[in-house]
Amino acid sequence: MRCTYRFSEGPGGAALPGCRRASARRAGRKPGGRLKAWPHMLPLTFLLAGFACAQYQAPRTADGKPDLQGIWEPRNAAAFDVSEIAEGHEIPYLPAALEREQKADRVDPIAHCGMPGVPRISYMPFPFQIVQRPGVVVFLYEYLHNERIISTNPRPHLDGIDFYLGDSVAHWEGDTLVIDVTDLGDKTWLDSARHTHSDALHVVERYTRTGPNTITYEATIDDPKTYSHAWKIKMPLHRNNEPGFELREQECTEGDDGRAIHPLYRPAANGDPLEFVRTYPSGKGGAQ
Amino acid sequence: MKWKLSVLAIAAGLLLAAVPVRAHHSFAAEYDKSKPLKLTGTVTKFDLTNPHSWIYIDVTGADGKVVNWGFETASPSNLYRRGFRKDTVKVGTVVTIEGFQAKDDTHTGNAQRLTLADGTHYVMGTEENPG
């Protein structure tokens, strides 16, 4: 069954005949004639049809995989404070980890042209391009020309080495691209607001097309040395549909004062522009 | 924490003394092939990291004086392909490093080969001069 994206988007969309038939079949499974007896149930039936059609069917690549290709961008400020896209806006820190974090360097590594790591690279406020070939998904990020060339064939993770972007292994679960990332080390931050992690960080990213112009990005963030339990982030990625839009160079170099020269860190007239205040301060995750 | 800071201070001092930029550079620009080194010492700091790893060892001279030497190695990906892992050496591990000294005669060098006490050895050289 294929449904239109507009239908699942809201009341403005129109259901395809296939969706109506599906809802009729669903109603038909109920004891005969009851639908007629309860006409006020009709809106509920349409609501159920809406759920049935909420599953957007992504177009396929030549090898039959969901097509995620295109230029995508997050439109949020999670790179400054990841709590914005965290479930419940809270990060379940272990007390010892919170203490460690309070003592950590107060300047975002990115302010010195450091690497953003995973998952932060996914919500840096710059576009990135996904390119697919059979057995491989390539992420090209405009931000500091990062790239991830990820095999979708299973293999064990590397052992005994850390990379800023970790070691990624992917597979398909239905329409979702699942990327398992380990070997990330402890040098990167999750955002500018000093949300940190240890070298035990394990990230599982999920990319699911939810429309012609959207991907839902979800990630489970686990780190038994830092968090009491795994927690989740979720955000939409939006396709950049500007005609002729292409990725360009986005470089980072350090100025005379050792600070990065790029759009995120312009020197401020007063205050330290390198230290960001958390948007969602909390007893569990807020460093004040 | 204090020892960490002092090691960092030494490391920073060495870095500053050697060259202003520690990013990407050529072997020939910084190291002297006519100054081969073979030093045995105890690891004081090591981090398998991009772009190049540095390994620091305390070397006790004939006069009993301890000097901290810093050696640049190949990129972590290349070391990994040669069998080297982040826990192959730790602080306190005794290693012998063969390489070439920096042109500016500081206590820095380019590592070509690292040998553990049990005789296991690794090629450590950079891509341009893999040893």
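Above: the structure in question.
Residues numbered from 1 in each chain as written. Chains lettered and ligands numbered in written order. Predicted model: local features only at pLDDT ≥ 70, side-chain atom pairs only at ≥ 80, totals over all residues.

Asker: Provide a residue-level description of the overall build of chain B, including the pertinent values.
Answerer: The number of helices and strands found in chain B is three helices and six strands. Beginning at the N terminus, the succession of helices and strands in chain B can be written as α-α-β-β-β-α-β-β-β. In chain B, which comprises 131 residues, the share counted as buried stands at 27%. A sequence separation of at least 24 residues applies to 57% of the contacts in chain B between residues at least 6 apart. (Helix = DSSP H or I, 4+ residues; strand = E, 2+ residues; numbered from the N terminus. Buried ≥ 20, exposed ≤ 12 C-beta atoms within 10 Å, placed from the backbone. Contact = placed C-beta atoms within 7 Å.)

Asker: Can you tell me about the sheet that holds strand 8 (residues 214-222) of chain A, naming the residues and giving the values?
Answerer: Residue and element names in this part refer to chain A. Strand order in the open sheet formed by nine strands is 4-3-2-1-9-8-7-6-5, with antiparallel pairing between adjacent strands. The open sheet is flanked by strand 4 (147-151) and strand 5 (167-173), the only strands paired with a single partner. Across the sheet, the mean angle from the axis of one strand to that of its neighbour is 25°, orientation sign disregarded. The pairing of strand 2 (residues 128-133) with strand 3 (residues 136-141) spans six bridges and is classified as antiparallel. In the sheet register, Gln 129 faces strand 3, and the bridge partner there is Leu 140. (Pairing = 2+ DSSP bridges. Axes fitted to C-alpha atoms, helices over the stretch in contact; angles between N-to-C directions.)

Asker: How would you sum up the nonpolar core? Please name residues and give values.
Answerer: If you look at the biggest cluster of nonpolar residues, it comprises 42 residues, and the most contacted ones within it are Ile85(A), Ile233(A) and Met235(A). Residue assignment for this core shows that the elements contributing at least two residues are helix 6 (120-123), strand 3, strand 6 (176-182), strand 7 (202-211), strand 8 and strand 9 (231-239) of chain A. In this view, Met235(A) contacts Pro74(A), Asn76(A), Ala78(A), Ile85(A), Tyr123(A) and Tyr217(A); residues no more than four positions away in its chain are not counted. Within the second largest apolar cluster, 16 residues are counted, among which are Ala74(B), Phe84(B), Ala111(B) and Leu114(B). (Core = buried A, V, L, I, M, F, W, Y, C linked by C-beta atoms within 7 Å.)

Asker: Outline the pairing of strand 4 (residues 94-102) of chain B, listing residues and values.
Answerer: Residues and elements named next belong to chain B. Here eight bridges tie strand 1 (residues 31-47) to strand 4, and the two strands are oriented antiparallel to one another. By the bridge assignment for strand 4, Gly 41 is matched with Val 95. By the bridge criterion, seven bridges tie strand 4 to strand 5 (residues 108-116) in an arrangement that is antiparallel. Bridged to Ile 97 within strand 5 is Leu 114. What sits between the antiparallel neighbours strand 4 and strand 5 is a turn of five residues, in which Asp 105 has the positive phi angle 65°.

Asker: Which residues make up the interface of chain A and chain B, and what are the values?
Answerer: Contacts between the two partners involve four residues from chain A, matched on the other side by seven residues from chain B. Of the residues in the side of chain A that touches chain B, the class split is two nonpolar, one polar and one charged. (Nonpolar A, V, L, I, M, F, W, Y, C, P; charged D, E, K, R; others polar.)

Asker: Quick one: what's the story with the environment of Leu116(B), residue by residue and with numbers?
Answerer: All names here are of chain B. Tracing the backbone through its elements, the reader meets Leu 116 in strand 5. Here Leu 116 falls in the partly exposed class, since 14 other C-beta atoms lie within 10 Å of it. Here the alpha-carbon distance between Leu 116 and Thr 49, two residues 67 residues apart in the chain, equals 20 Å.

Everything listed here is a matter of geometry and, on its own, says nothing about what the molecule does.
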